[in-house]
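# Per-entry structural report
Each chain, written out:
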Amino acid sequence: MDAMIPFQDLNLLPNPPSILISPKIEPKTEPVELPLPVNPNTNEDSVQDISSISPVDESDVYAEFLRISQMFHSAFARQMSRYKDMAVVEPNSLSIVPLPEQNAISMIVPAKHKQMRSAEMVRATGLSLPEERYFRELVRKTRLLYESLRIFLIREEERGGTGEALGLHPGARKRADMKAANAMLPRGMWLNRDKRIVGAIPGIYVGDQFFFRMEMCVIGLHGQVQAGIDYVGAARSPNREPIATSIIVSGGYEDDEDAGEVLIYTGHGGKERHVMRHCVNQKLEGGNLALERSRYHGIEVRVIRGIKSDRSPTGKVYIYDGLYQIVDHWFDVGKSGFGVYKYKLLRLPGQPEMGTVIFKFAAELKLRPMVARPKVNPVYTSLGFTGGCLGCTCTSSCSIGCHCIDRNGGELVYDGNGILFRGKPVIYECGSSCQCPPSCPNRVTQRGLKSSLEIFRSKETGWGVRSLDLIRAGEFICEYTGIVLTRQLAAVISMNGDALIHPSRFPHRWMEWGDISHIFPGCVQPGFPSLPPLDFALDVSRLRNVACYVSHSCTPNVMVQVVLYDHCNVMYPHLMLFSMENIPPLRELSVDYGVTTEWSGEPLAIDCK
């Protein structure tokens, strides 16, 4: 892309330059968030019901039926996998054109009820800025739906539900991350299934972070639930040779050497699950052969690193670090004394900084801020509206039936980690008038910041805000505060050009959080408790906090959720900022201000940066 584009979305990072292209299953297993069994007879190029990955303990008959079904699908796929030259899809068209046109623009269309991963390989190049925004929004909404569905299933499981309302098999694996993906797959909501993307995937940026491998499968970044090497098998490849598309590096092999820009990656096989040491020699087959063939043809691979993180619900976060070229491979004796295949990968130039580098720098910045960055910008605090309110009489943590819970429609608002289940017109938290302890799960926003926020000078937006921590989707960030002004006072002060924030103009982005109506039409967003129009303004020209430096975007990663806890006046609620996606460290925060020309709420034509 042209690096001189004057306006760019806050969440839009440079698209990696297009590179070259051209073009039995024993996966290289990497440690995952929870142990997942692997059937070595399963064809990696086929996509089965995710629940079938789990061990079948219901009966031997069902297990045998599952095994035979998998063999049938595998054999049928081999008979039908006859492909010619690789191709891309032109925008606004369904026509196919030859792939070698490096300046072609490709259009990736979500799969339509496919149960098989396509082996047709394409490359996305020459995307315009509107197309970049389109695919970023498509990925963002897909991830938002996945996370909303995962949280919904967790709540259903806590209530004793099985997920049958979403069409899930009663015996399906009970992990919510896999059940969420299972519910989306037959509805055609997985991305990039009708084309196997080689290289950079539109809408996925270097530095994007994930908590679950299933989420990477849903968006098409890495299509293996457990295998560390994702590839197109020889039987389905256009030139009858396996081609690798992505790898995951998470410290599961003792012979791996990771220096960031240079990576020595060990092939799959030769060891038992959950054991780092090898016990037999590796073979040049499956993913190993695919990496060797990718090196021969000069095909780059996507590299995802898995690192430990206490901010992740699984204890690990997966970070996409960009494209790497395989420049060498050899057979060597490993540390355990057995033969291993090694591959040397070099990171391609011209890409944004690696997400793992930023992640580690942010952690160092928290521990030693004056060493890592001598100059620290100040963070301001401000005032709010206070008053009395009748609270609950709970002597322990509040639960269903509590007075405050009833005011929220009779359901819990947050999970045990303080993650917002779904957005509401207004949330009533327990406050100073309540008798429940400070550890009550209905007290989240009043506990203050969990993430270390930094105000910095942004080249695109002036002042901006970013976090030194990984922020989870649905996590509280901070409050938007200032001097509260009535409508009449705001009209007078605005004449002097002072900076005013009008809460009524914030779009209802809270309606997007937790919305699974695309999958479950009966699950609509709550309209209770209701909230009248907010007829006040915040003056942030004299007293303000860090939130007023958060920049505007039409595709934000932060939303405004109205909360009450220290008073009951719904005309003057607290404006709380929550994340709408997993936000990596040092990535700029953005919110949709719904900018208007005047108090009436008429939209103002602006450039959404």
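Residue numbering note: each chain is counted from 1, following its sequence as written. Predicted model: local features are reported for residues with pLDDT of at least 70 only, side-chain atom pairs are reported and counted for 80 or more only, and whole-chain, interface and lining totals are derived from all residues. For the side-chain quantities, the full set of heavy atoms in the structure was used; hydrogens and water were omitted.

### Here we look at the overall build of the chain
Going by this rule: What counts as a helix is a DSSP run of H or I of at least four residues, what counts as a strand is a run of E of at least two, and both are numbered from the N terminus. Only protein chains enter the accessibility calculation, which uses a 1.4 Å probe; a residue is then buried when its area is under 20% of its type maximum, exposed when over 50%, and partly exposed in between. Note on areas: Shrake-Rupley, 1.4 Å probe, and residue coverage restricted to the protein chains presented here.
Helices and strands together make up the secondary structure of the chain, namely nine helices and 23 strands. Relative to its full complement of 609 residues, the chain shows a buried share of 56%. Of the roughly 26100 Å² that the chain leaves accessible, carbon and sulfur atoms contribute 57%.

### Describing the packing of helix α2 (residues 129-158) against helix α3 (residues 176-184)
As a reminder of what qualifies: Angles here are taken between N-to-C directions and fall from 0 to 180 degrees, while the axes themselves are lines fitted to C-alpha atoms, restricted in helices to the stretch in contact. What sets the label is the angle itself: under 35 degrees gives roughly parallel, over 145 gives roughly antiparallel, 65 to 115 gives roughly perpendicular, and the rest give oblique. The hand of a helix crossing depends on one turn: near helix anticlockwise from the far one by less than a right angle means left-handed, and clockwise means right-handed. In this analysis, two residues are considered to be in contact whenever any of their non-hydrogen atoms come within 4.5 Å of each other. Only Asp, Glu, Lys and Arg are considered charged, only Ala, Val, Leu, Ile, Met, Phe, Trp, Tyr, Cys and Pro nonpolar, and every remaining residue, Gly among them, polar.
Between α2 and α3, the shortest axis-to-axis distance is 8 Å and the interhelical angle comes to 120°. Classified by the angle between their axes, α2 and α3 sit oblique to one another. Crossing handedness for the pair α2 and α3: right-handed. Residue-level inspection shows Thr142, Leu145, Tyr146, Leu149, Arg150, Leu153 and Ile154 of α2 in contact with α3, the latter providing Ala176, Asp177, Lys179, Ala180, Ala181, Ala183 and Met184. A breakdown of the residues in the contact of α2 with α3 according to their chemical character gives ten nonpolar, one polar and three charged.

### Notes on the pairing of strand β10 (residues 301-308)
The criterion, for reference: Being paired, for any two strands, means DSSP has found at least two bridges between them.
In terms of residue burial, β10 counts as a mostly covered element, since seven of its eight residues are buried. Where strand β7 (residues 243-249) and β10 come together, four bridges link them in parallel fashion. Considered in β10, the bridge of Ser246 is made with Arg302. With seven bridges connecting them, β10 and strand β11 (residues 316-333) associate as antiparallel partners. When the bridges of β11 are listed, Arg302 appears paired with Leu323.

### Topic: the sheet that holds strand β17 (residues 483-486)
Reading across from one edge, β17-β19-β18 is the order of the three strands in this open sheet, with antiparallel pairing throughout. Each edge of the open sheet carries a strand with a single partner, namely β17 and β18 (500-501). Taken together, the two bridges between β18 and strand β19 (residues 536-539) define a ladder with antiparallel strand orientation. Within β19, the position partnered with Ile501 by the bridge is Leu538.

### Brief notes about the environment of Gly322
For Gly322, the position within the fold is in strand β11. Gly322 gets classed as buried once you look at its relative accessible area, which sits at 0%. For the pair Gly322 and Ile204, spaced 118 residues apart in sequence, the C-alpha to C-alpha distance is 9.8 Å.

### Considering α3
Most of α3 is tucked away, with nine of its nine residues classed as buried. Within α3, burial applies to Ala176, Asp177, Met178, Lys179, Ala180, Ala181, Asn182, Ala183 and Met184. In the core, the buried residues of α3 are packed alongside α2 and α4 (213-219).

### Focus: the state of the cysteines
Using the following cut-off: When two cysteine sulfur atoms lie within 2.5 Å, the pair is treated as a disulfide.
Within this structure, the stated rule accounts for zero disulfides. Note on Cys440: no disulfide assigned, nearest cysteine sulfur contributed by Cys398 at a separation of 3.6 Å. Among the residues examined, Cys440 registers a relative accessible area of 0% and is labelled buried.

### A few points about the packing of aromatic side chains
To be explicit about the condition: Side-chain rings of Phe, Tyr and Trp (the six-membered ring for Trp) are treated as a pair once their centres are within 6.5 Å; stacked means planes under 30 degrees apart, edge-to-face means over 60, and tilted covers the remaining angles. Comment: the charge-over-ring label is applied if NZ (Lys) or CZ (Arg) is within 6 Å of the ring centre and within 35 degrees of the ring normal.
One pass over the full model with this rule turns up eight aromatic pairs. Ring centres of Tyr480 and Tyr593 lie 6.2 Å apart, and the angle between their planes is 85°; on these two criteria the pair is classed as edge-to-face. Here Tyr480 is found in strand β16 (residues 476-480), whereas its partner Tyr593 is found in the segment after β23 (590-591), with 113 residues between them in sequence. A residue is classified by how much of its surface remains accessible, and Tyr480, at 3% relative accessible area, is buried. The positively charged end of Arg457 is found above the aromatic ring belonging to Trp463, 5.0 Å away from the centroid. The residue whose ring lies beneath Arg466 is Phe456, and the NZ or CZ to ring-centre distance is 3.9 Å.

### Here's the deal with the pattern of salt bridges
The cut-off we apply is this: For this document, the term salt bridge refers to a Lys or Arg side-chain nitrogen within 4 Å of an Asp or Glu carboxyl oxygen.
Tallying each qualifying case throughout the model produces 21 salt bridges. As a salt-bridge pair, Glu512 and Arg140 come within 3.3 Å of each other at their nearest N and O atoms. Of this pair, Glu512 sits in the loop between β18 and β19 while Arg140 sits in helix α2, placing them 372 residues apart in sequence. Look at Glu512 and you get partly exposed, because its relative accessible area is 23%. Because the salt bridges share partners, they merge into one network encompassing Glu137, Arg140, Lys141, Arg509, Glu512 and Asp592.

### Digging into the pairing of β16
Taking burial as the measure, the five residues of β16 include five buried ones, the bulk of the element. Relative to strand β22 (residues 574-579), β16 runs antiparallel, the two being bridged by four bridges. Bridging from a neighbouring strand, Cys478 pairs with Leu577 of β22.

### Some details on a nonpolar patch on the surface
Test applied: Think of a patch as exposed residues, more than 30% relative accessible area, with no salt bridge, where like charges cluster within 9 Å and nonpolar side chains (Val, Leu, Ile, Met, Phe, Trp, Tyr) cluster within 5 Å.
Together, Val262, Val327 and Leu346 make up a nonpolar patch on the protein surface, roughly 180 Å² of accessible area in all. Examined against the element boundaries, Val262 turns out to sit in strand β9 (residues 262-266).

### Describing α2
Stated precisely, the cut-off is as follows: Expected helix span is given by 1.5 Å per residue-to-residue step, counting one fewer step than there are residues.
Relative to the 44 Å expected for 30 residues at 1.5 Å per residue, α2 spans 43 Å between its end C-alpha atoms, a close match to the ideal helical length. Here α2 lies mainly inside the structure; 21 of its 30 residues are buried. Positive phi appears at Gly160, one or two residues downstream of α2, with a value of about 90°.

Treat this as a map of the structure, not an account of what it does.
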